[in-house]
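Examining the three-dimensional arrangement
What follows is the residue order along each chain.
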Amino acid sequence: MSITDLRYQVDRISANSRNAFWQTLEERPLEDYLLFEETFEGIEPLSTTVNLQTDSEHGFHVVTDPVNKKNKAARFELRASDPMVHRGKRSELFVLDRVTQKEIWYSFAVLFPESGYTPDSSNELISQWHQEGSPPISLRTVDDIIYLRVRHSTQSDKWKVMDVAPLTKDVWHEFVFHIIHSAGADALIEVWHNGQKCVTYKGPNHFEDKKMPYWKVGVYKAKWNNNRTASDTRVIYFDNIRVGNELASFETMQPFEELE
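Attention here is on the structure that accompanies the text. (Residues numbered from 1 in each chain as written. Predicted model: local features only at pLDDT ≥ 70, side-chain atom pairs only at ≥ 80, totals over all residues. Heavy atoms only, no water.)

**Some details on the overall build of the protein chain**
Looking only at helices and strands, the protein chain has 1 helix and 15 strands in total. For the protein chain, buried positions account for 55% of its 260 residues. Within the protein chain, contacts between residues separated by at least 24 positions form 66% of all contacts whose residues are at least 6 apart in sequence. Counting every atom, the protein chain has about 12000 Å² of accessible surface; 47% of that belongs to carbon and sulfur. (Helix = DSSP H or I, 4+ residues; strand = E, 2+ residues; numbered from the N terminus. Buried < 20%, exposed > 50% of the residue type's maximum accessible area, 1.4 Å probe, protein only. Contact = heavy atoms within 4.5 Å. Areas by Shrake-Rupley, 256 points an atom, 1.4 Å probe, with all protein chains shown as cover.)

Written out as structure tokens, the structure reads:
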């Protein structure tokens, strides 16, 4: 795929995403609790995402699942030498333009290949809920750890960091997030990893004087904006990206089909 073709694909994705009602490729309505679903199957994946943020031929492709050859997944690749996109080194899928209600469920599966994700002591974001400046909620990796960074409730300790799971390679990691986006007493983040609850965080997770966040998945490595690190390439796979409203639950946000 040439850069021209890639930019055409980005423009097409952006245009198609503005449909008033989202439907799956089988033209069935989404469940009452689902606002969005992308499994990368069918003839036209990504028809309902907001935007694709990459500017390289290797940045994004829909490929065969490296674990289950009957399945498809999204492959993101970021290199230290890539051009800046939206003021940063990133290859990301802009899933939601803006969250429209406080209580939202999110889920996705992510895989880190041994050959494309060597340990690095400089962190990268693989999922972020962004308002302005640094995102108030982000899922990150560093060395061989997956961790969550959240806006903290005190000015003296601005960020709360919580380990989520070991960064094991060549296997799917399934995540479910239940978030009440709030700067008040009702704020909540719950996280499940591979079916096990690993985080319950009660505390402000939202900048109250900013707009509601937008949501992205992929890889963004800020350190590469101006420096180099121990790694020069990041390859990561995503599948089963879903967004649910307040009617959703942990059980309903699980994938319809097993990835393995």
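**Let's talk about the packing of aromatic side chains**
As enumerated under the stated definition, the model contains 15 aromatic pairs in all. Following the ring pairs from residue to residue traces out a cluster consisting of Phe60, Phe76, Tyr106, Phe108, Trp129, Phe175, Phe177, Trp215 and Phe238. Positioned over the ring face of tyrosine 220 is arginine 90, at 4.2 Å from the centre of the ring. Between lysine 216 and the ring centre of phenylalanine 94, over which it is positioned, the NZ or CZ distance is 5.8 Å. (Phe/Tyr/Trp six-rings, centres within 6.5 Å; stacked < 30°, edge-to-face > 60°. Lys NZ or Arg CZ within 6 Å of the ring centre and 35° of its normal.)

**Things to note about the sheet that holds strand E8 (residues 137-142)**
Strand order in the open sheet formed by 7 strands is E2-E5-E14-E7-E8-E9-E10, with antiparallel pairing between adjacent strands. What marks the edges here is a single partner per strand, and that holds for strand E2 (51-53) and strand E10 (159-166). The average undirected angle you get between the axes of adjacent strands in this sheet is 15°. Pairing between strand E9 (residues 145-151) and E10: 7 bridges, direction antiparallel. Across the sheet, the residue bridging to isoleucine 146 is alanine 165, located in E10. (Pairing = 2+ DSSP bridges. Axes fitted to C-alpha atoms, helices over the stretch in contact; angles between N-to-C directions.)

**A short note on the pairing of strand E12 (residues 188-193)**
Summarising burial for E12: 6 of the 6 residues are buried, a large majority. Sheet topology places E12 next to strand E13 (residues 196-201); 5 bridges connect them, and they run antiparallel. Looking at E13, one finds that valine 191 is bridged to valine 199. Once E12 ends, the chain turns through 2 residues before running back antiparallel as E13, passing asparagine 194 with a positive phi of about 50°.

**Remarks on the side chain of histidine 58**
Structurally, histidine 58 can be placed in the loop between E2 and strand E3 (60-64). Among the polar contacts made by the side chain of histidine 58, one reaches the side chain of serine 56 at a distance of 3.3 Å. Once residues within four sequence positions are removed from consideration, histidine 58 is found in contact with Arg75, Glu77, Arg79 and Asp82. (Polar contact = N/O pair within 3.5 Å; in protein donor to acceptor, adjacent residues only side chain to side chain.)

**Quick notes on the nonpolar core**
One finds Tyr106, Phe108, Leu148, Phe177, Trp215 and Ile241 to be the most contacted residues of the largest nonpolar core, which totals 45 residues. Other than its neighbours up to four places away in sequence, tyrosine 106 contacts Leu96, Val99, Trp129, Phe175, Val176, Phe177, Ile179, His181, Trp215, Arg242, Val243 and Met253. (Core = buried A, V, L, I, M, F, W, Y, C linked by side-chain atoms within 4.5 Å.)

**Examining unusual backbone geometry**
The phi dihedral of phenylalanine 40 is positive, around 65°, even though this residue is not glycine. Phi at asparagine 240 is positive, roughly 50°, even though this residue is not glycine. With respect to the helices and strands, asparagine 240 occurs in strand E15 (residues 233-244).

**Description of the pattern of salt bridges**
All chains considered together, the criterion is met by 12 salt bridges. With a shortest N-O distance of 2.8 Å, glutamate 77 and arginine 75 are connected by a salt bridge. In this structure, lysine 210 engages glutamate 132 in a salt bridge whose closest nitrogen and oxygen atoms are separated by 3.5 Å. Highlighted residues: lysine 210 in the loop between E13 and strand E14 (214-220) and glutamate 132 in the loop between strand E7 (124-130) and E8, separated in sequence by 78 residues. Residue classification places lysine 210 among the partly exposed positions, given a relative accessible area of 32%. Salt bridges here are not isolated pairs; linked through shared partners, they connect Asp120, Glu124, Lys221 and Arg234. (Salt bridge = Lys/Arg side-chain N within 4 Å of Asp/Glu carboxyl O.)

**Notes on the side chain of serine 56**
Mapped onto the secondary structure, serine 56 falls in the loop between E2 and E3. Taking relative accessible area as the criterion, serine 56 reaches 6% and is therefore assigned buried. Within polar-contact distance, the side chain of serine 56 engages the backbone nitrogen of glycine 59 at 3.1 Å.

**What about the pairing of E15?**
Where burial is concerned, most of E15 is hidden: 11 out of the 12 residues are buried. Inspection of the sheet shows strand E4 (residues 72-79) paired to E15 by 6 bridges, in the antiparallel sense. In the strand pairing of E15, leucine 78 is matched with arginine 234. Here strand E6 (residues 103-111) pairs with E15 via 6 bridges, running antiparallel. The residue of E15 that forms the bridge with alanine 109 is aspartate 239.

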